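# Observations on the three-dimensional arrangement
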Amino acid sequence: MLIKKRNKYLLIIIIFLLLLISILLKSEQEPEILEKYAIGNANFYNEKDRKYYSDAKFTVEANDNTEYLMNLFSNINEVHIPKGNFLCKSQIRIKGENIKVFGVKGESKIVFDSDLYNSVEKGAVSAYIINDSYSRSFDHSTAQNITIDGIIFELKQKDDNFYNFILMFANVKGGNIQNCSFISDFSSENFVTLLDLYSCCKNLKINNCTFKNMTGSSKGSCIWVRNLTMSEESAENVTENISISKCTFTQNSADEILAVYSSIGDVKKVDVRDSIFNDFSDINVKIFATYSSENKYYGTVEDVIFDNNKIISEFMNNFTITVGGPNRKNLVSNIVISNNDIKIEDDTDNKGIIIYINDIETNVQNITVINNTIKVNKLLNSTGIYNANLAKSNSIIGELKRGIVYGESYENIIDGSLQGIVSPEIAQDNKLYNCKIGISCGSKISLIRNNEIVLKLNGLCGIDVQKDDNNEEFEITCIGNKITTIHKDQYSFVIHNGNIRLISNSVFGSGGKIYINDQANIIIE
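Not measured: the values here are computed from a predicted model. (Residues numbered from 1 in each chain as written. Predicted model: local features only at pLDDT ≥ 70, side-chain atom pairs only at ≥ 80, totals over all residues. Heavy atoms only, no water.)

### Considerations on the overall build of the chain
The secondary structure content of the chain amounts to two helices and 46 strands. Taken over the C-alpha trace, the chain has a radius of gyration of 31 Å; the compact-globule value for 525 residues is 24 Å, which it surpasses by more than 25%. Across its three principal directions, the C-alpha atoms of the chain cover 140 × 50 × 30 Å. Across the 525 residues of the chain, 51% fall into the buried class. By sequence separation, contacts in the chain at least 24 residues apart represent 66% of the contacts at least 6 residues apart. When the accessible area of the chain is evaluated, it comes to approximately 23400 Å², of which 49% is carbon and sulfur surface. Treating the 53 positive side-chain charges of the chain as one cloud and the 64 negative ones as another, the clouds have centres 6 Å apart. (Helix = DSSP H or I, 4+ residues; strand = E, 2+ residues; numbered from the N terminus. Rg over C-alpha atoms; globule rule 2.2 N^0.38 Å. Buried < 20%, exposed > 50% of the residue type's maximum accessible area, 1.4 Å probe, protein only. Contact = heavy atoms within 4.5 Å. Areas by Shrake-Rupley, 256 points an atom, 1.4 Å probe, with all protein chains shown as cover. Lys, Arg positive; Asp, Glu negative; His and termini not counted. Charge placed at Lys NZ, Arg CZ, Asp CG, Glu CD.)

### With respect to the pairing of strand β14 (residues 210-213)
Residue alternation in β14 divides its side chains into a buried set, Phe211 and Asn213, and an unburied set, Thr210 and Lys212. In the sheet, strand β12 (residues 181-184) pairs with β14 via four bridges, with the strands oriented parallel. If you follow Ser181 over to β14, its bridge partner there is Thr210. (Pairing = 2+ DSSP bridges.)

### Things to note about the nonpolar core
With 102 residues, the main nonpolar core has Phe169 and Phe211 as its most contacted residues. Residue contributions to this core peak at six residues, all from strand β13 (residues 193-207). The contacts of Phe169, once residues within four sequence positions are left out, are Ile94, Asn131, Ile146, Ile148, Ile177, Asp196, Leu197, Tyr198, Ser199, Cys201 and Leu204. In this structure, Phe191, Trp224, Ala259 and Tyr291 belong to the second largest nonpolar core, which totals 13 residues. (Core = buried A, V, L, I, M, F, W, Y, C linked by side-chain atoms within 4.5 Å.)

### Focus on helix α2 (residues 66-73)
Thr66, Tyr68, Leu69, Leu72 and Phe73 are the residues of α2 that are buried. With its buried residues spanning 165 degrees around the axis, α2 presents them on a single face. (Arc of directions from axis to C-beta.)

### What about unusual backbone geometry?
A positive phi angle, close to 55 degrees, is found at Ser263, a residue other than glycine. By the secondary structure assignment, Ser263 is in the loop between β18 (258-261) and β19 (267-273). A relative accessible area of 13% means that Ser263 is categorised as buried. The phi dihedral of Asn308 is positive, around 55 degrees, even though this residue is not glycine. Structurally, Asn308 can be placed in the loop between β22 (301-307) and β23 (310-313).

### Some details on the layout of surface pockets
Space inside the largest pocket adds up to approximately 160 Å³. Forming the walls of the largest pocket are 13 residues, and the residues nearest its centre are Lys286, Tyr291, Gly324, Gly325 and Pro326. For the lining of the largest pocket, the elements supplying multiple residues, two or more each, are β21 (288-291) and β24 (319-323). Its residues placed into classes, the lining of the largest pocket shows five nonpolar, five polar and three charged. (1 Å grid on protein atoms, 1.4 Å probe; cavity = no way out; pocket = protein on both sides within 12 Å on 5 of 7 lines; lining within 4 Å. Points joined across faces, edges and corners; volume = space filled by probe spheres on them. Nonpolar A, V, L, I, M, F, W, Y, C, P; charged D, E, K, R; others polar.)

Given below as structure tokens:
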């Protein structure tokens, strides 16, 4: 009996020891498993099987870091992404009222699986990263303040991807996105927008970031600043105080690189400056665009500054910068386009406008274009600046059909346009060189004062007053202009009709004839 009890106790001890060994072994393995999940090795993408590998020969499949990333982003204070290329196969939600997400600049990358569409729930937000308080209405009690610093976000967009956005914010009260890169460099007919400020985003700064969108699709941008909020008008549901600075953009899709538009609700106070825009689309619509919502909604856009940016466009087919959408009655106001360096490398006879303020049944007010440099190669049917309320101190260099059209023009330099300034309300103190026609007047009332005009060899005239097919007489005053002709057959003035006052104008060179139609009433002083 005693032996049986001893055997029983011995058996219990053995079982206990085995359990203890098992627990110890498991505790040793868990850190190894966790350590493996914490290693980001999605270094190479295989286009054939749409998978990531750690090696260039595609022999070792990359770790699935989804659970590891989800655990990190469950933190409501700070998230630290270590060095490595981390593969994520799920949507990420950024949690916490005041949350900071840090990476090692240039070395912390989150790579999103291009096959995520297989596991997306019906009705889900089609973005790889969203804020946890995501809402189309602004709520002070839930709105987040988010900082993201030093992370690379990469996506190989495919034709059958469900998601169309890398990062999307809605109901955000402040924060910073800085030292980050957003990359979608895989050709696809399915669009992607890299950063979408979807609705009710306030007090956000986007600084020193890189955006690369090379899908080549007909839609999709680097950044959308918009407000797709609720249809009922609300003073709180506004996207406002957005700053974008010192960023680099590269894109080849047909959509705008950066768009500021009101969608449904208002967008206010957007500042874009000190950035570089590289456009490689051969059907480019816009580099930068700002416009209001559709007429059935109430959204307006106001107080937008686009300043000290550099634009390099490989092709020219439509527009470079646009303000105001066609057939949209909601107001777009107080837009300043200033100090930008714009270069168009194309040589084409396509029609295009480099800075276009839309005049097709649209509501735009107080649009200022000042101190920009526009350099083109040869755009024989294109225009430099169209329909700005004020165009001042701009330099427009190269072969264009028209330099500046409509509005008030002061102190601009235009060299090489066939027509320097067309139909201005005021044209004053401008310098127009190598033009066929210096200033062509088509507005009913125009003041043409103190301009310097030098015709090209095959030029026609310094100042032209167009024929009005509606038989409405123009009221044109030309004061103190200096016109230089190249040969004797060139005209200083060609006047078809209207009431024209010529006061103290000077003509130089061997030409200088004045053509006056019988319908014109001329006063020379």
